[in-house]
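Residues per chain, in single letters:
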Amino acid sequence: MTVSGNISYGLKSRHLPEQEVKGRTQELLQFVGLPDHSEQYPAQLSGGQKQRVALARALATEPHILLLDEPLAALDPRTRESLRIELKKMLETLDVTSIFVTHELSEAYAISDKMAVMGAGRIEQIGHRDEIFSEPNSEYVARFLGQNVYSGRVIGNSFPLSTIEINGIRISANHVSNVDNSEVLVTIRPEDVVLSSDLKPGNLEWKRADCNNL
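What you are looking at is a predicted structure, and each value in this text was computed from that prediction instead of being measured. (Residues numbered from 1 in each chain as written. Predicted model: local features only at pLDDT ≥ 70, side-chain atom pairs only at ≥ 80, totals over all residues. Heavy atoms only, no water.)

Draft legend 1. Quick look at the overall build of the protein. The secondary structure content of the protein amounts to seven helices and nine strands. C-alpha atoms of the protein, sized along the principal axes, occupy 75 × 35 × 25 Å. Here the protein holds 214 residues, and the buried ones make up 34% of them. The contacts of the protein with a sequence gap of at least 6 include a subset with a gap of at least 24, amounting to 50%. Counting every atom, the protein has about 13600 Å² of accessible surface; 50% of that belongs to carbon and sulfur. When the 22 positive and 29 negative side-chain charges of the protein are each reduced to one mean point, those points stand 2 Å apart. (Helix = DSSP H or I, 4+ residues; strand = E, 2+ residues; numbered from the N terminus. Buried < 20%, exposed > 50% of the residue type's maximum accessible area, 1.4 Å probe, protein only. Contact = heavy atoms within 4.5 Å. Areas by Shrake-Rupley, 256 points an atom, 1.4 Å probe, with all protein chains shown as cover. Lys, Arg positive; Asp, Glu negative; His and termini not counted. Charge placed at Lys NZ, Arg CZ, Asp CG, Glu CD.)

Quick look at the structure:
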């Protein structure tokens, strides 16, 4: 089928008036930026254009929920990056709940408002994207996000800092209440690592780490 045929397929199956089908199809072609491609066939389109046609086809019947299952996975990196930005803008204009499935963390962060991290078929954590990245609630989520995870023990706990021993090395972290002499998991984001010859940095930000009870 042509681009128009693909987009109008769901509308025709509902036996809507021909003029309504044509009008809605033209609206969607404009929305996805393909008004001049209506009579082309899939083999004549780029990967990004095919994905936009697929989105328009899914939107044609005005669904209550839109499921996008790795829609950018088959695209080359440059096309994927540009279409990600376009798709984000499109989704923001739609009055429809959209579920976007991806294995790419950067993609999930760029497109989502709320994120759910799944592991072994179950949701490990759900929340705002910034909350997920800054406060992973389990070892699985932390490792999935690319964070370093270490097992340690709290050996000192005096506000505003806790002292944690990891394999004989002592580090300072934000104070955690009621964990004296407890085993904890310490997560350290790679982007928070600072190399310095100063043994006593005055900036407490250098001493931050996130601790979770085992």
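The discussion continues.
Draft legend 2. Focus on a nonpolar patch on the surface. A cluster of nonpolar side chains, namely I65, L67, I99 and V101, defines an oily patch on the protein surface of about 360 Å² accessible area. For the nonpolar patch, the secondary structure elements donating two or more residues are β1 (65–69) and β2 (97–101). Looking at the secondary structure, you find L67 in strand β1. A residue is classified by how much of its surface remains accessible, and L67, at 57% relative accessible area, is exposed. (Patch = residues over 30% accessible without salt bridge, like charges linked within 9 Å, V, L, I, M, F, W, Y side chains within 5 Å. Salt bridge = Lys/Arg side-chain N within 4 Å of Asp/Glu carboxyl O.)

Draft legend 3. A look at the nonpolar core. I7, L55, L66 and L87 are the most contacted members of the largest nonpolar core, which has 25 residues in total. Here L87 is in contact with L55, P71, L72, F100 and I111, once residues within four sequence places are set aside. Core analysis: the second largest hydrophobic core is formed by seven residues, I166, A173, V179 and V184 among them. (Core = buried A, V, L, I, M, F, W, Y, C linked by side-chain atoms within 4.5 Å.)

Draft legend 4. Summary view of the packing of helix α1 (residues 3–13) against helix α3 (residues 47–59). Where α1 contacts α3, the two axes come as close as 7 Å, and the packing angle between them is 25°. Regarding the angle of α1 to α3, the classification is roughly parallel. In the crossing of α1 with α3, the sense of the turn from one axis to the other is right-handed. Packed against α1, whose contacting residues are V3, N6 and I7, the element α3 presents V53, A56 and R57 at the interface. Of the residues assigned to the contact of α1 with α3, the class counts are four nonpolar, one polar and one charged. (Axes fitted to C-alpha atoms, helices over the stretch in contact; angles between N-to-C directions. Parallel < 35°, antiparallel > 145°, perpendicular 65-115°, else oblique. Left-handed = near helix turned anticlockwise from the far one by under 90°. Nonpolar A, V, L, I, M, F, W, Y, C, P; charged D, E, K, R; others polar.)

Draft legend 5. Structural detail: the pairing of strand β5 (residues 148–158). Bridge analysis of β5 against strand β8 (residues 183–188) gives six bridges, and the strand direction is antiparallel. Looking at the pairing, S151 lines up with L185 of β8. Of the strand pairs in this sheet, β5 and strand β6 (residues 161–166) are connected by five bridges, and their pairing is antiparallel. Of the residues in β6, the one forming a bridge with V154 is I164. What sits between the antiparallel neighbours β5 and β6 is a turn of two residues. (Pairing = 2+ DSSP bridges.)

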